[in-house]
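Chain residues, written in single-letter form:
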Amino acid sequence: MQKNNLNQEIIFKDNSLASYDFFSQSFIDNIHLIDTSVESLKINKYLNTTFKDLKRIFNITQIEFIDQRRYNLILDNNIKVMLPKKIDHKLIIFIEKNLELLKSNSEFKEYLDFRNFNEKMIRVK
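In what follows, the accompanying structure is described. (Residues numbered from 1 in each chain as written. Predicted model: local features only at pLDDT ≥ 70, side-chain atom pairs only at ≥ 80, totals over all residues. Heavy atoms only, no water.)

Details of the nonpolar core
Of all hydrophobic cores here, the largest spans 27 residues; its most connected members are Leu-47, Leu-54, Phe-58, Leu-83 and Leu-112. Counting only elements with at least two residues in this core, the list comes to α2 (45-57), β5 (60-66), β6 (70-75) and α3 (89-104). Per element, the largest residue contribution to this core is five residues, and it comes from α3. Excluding residues within four positions of it along the chain, Phe-58 makes contact with Leu-73, Leu-75, Val-81, Ile-95, Leu-99 and Leu-112. (Core = buried A, V, L, I, M, F, W, Y, C linked by side-chain atoms within 4.5 Å. Buried < 20%, exposed > 50% of the residue type's maximum accessible area, 1.4 Å probe, protein only. Helix = DSSP H or I, 4+ residues; strand = E, 2+ residues; numbered from the N terminus. Contact = heavy atoms within 4.5 Å.)

Digging into the pairing of β5
Alignment of strand β4 (residues 34-35) against β5, held across two bridges, turns out to be parallel. Residue pairing in the sheet places Asp-35 in a bridge with Ile-63 of β5. Adjacent in sequence and paired antiparallel, β5 and β6 are bridged by three residues, among which Asp-67 carries a positive phi angle near 50 degrees. (Pairing = 2+ DSSP bridges.)

Overview of unusual backbone geometry
Here Asn-15, not a glycine, exhibits a phi torsion of approximately 75 degrees, which is positive. Turning to its location among the elements, Asn-15 is positioned in the loop between β2 (9-11) and β3 (17-19). On the accessibility criterion, Asn-15 (21% relative accessible area) is partly exposed. Even without being a glycine, Gln-68 presents a positive backbone phi close to 55 degrees.

Take a look at the structure:
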């Protein structure tokens, strides 16, 4: 479950939406994953099947749906992880095996760009 503060909506795991009006402020405050998309997030099948793995790997605080086709994850340290359109098990395995190496890279301060992962390319800044 996540919340979209721009639209004042809660997005449930089945992609249903509900206005903040139906919930107490304490309930809303206890939802830690924030959708920063202009239109409330719809989780596609690729993200849905890998989200538990991504949450296990990263401390995700925000998620954004970009151009109706892919996602950005914002981590607790404000680093952005740009995901490709197709998120599959190969990506998860690559991240698990190489995240510590990527973190030790002195250039890794702003983002991890996996948008072209399926073309065998990643970027770090």
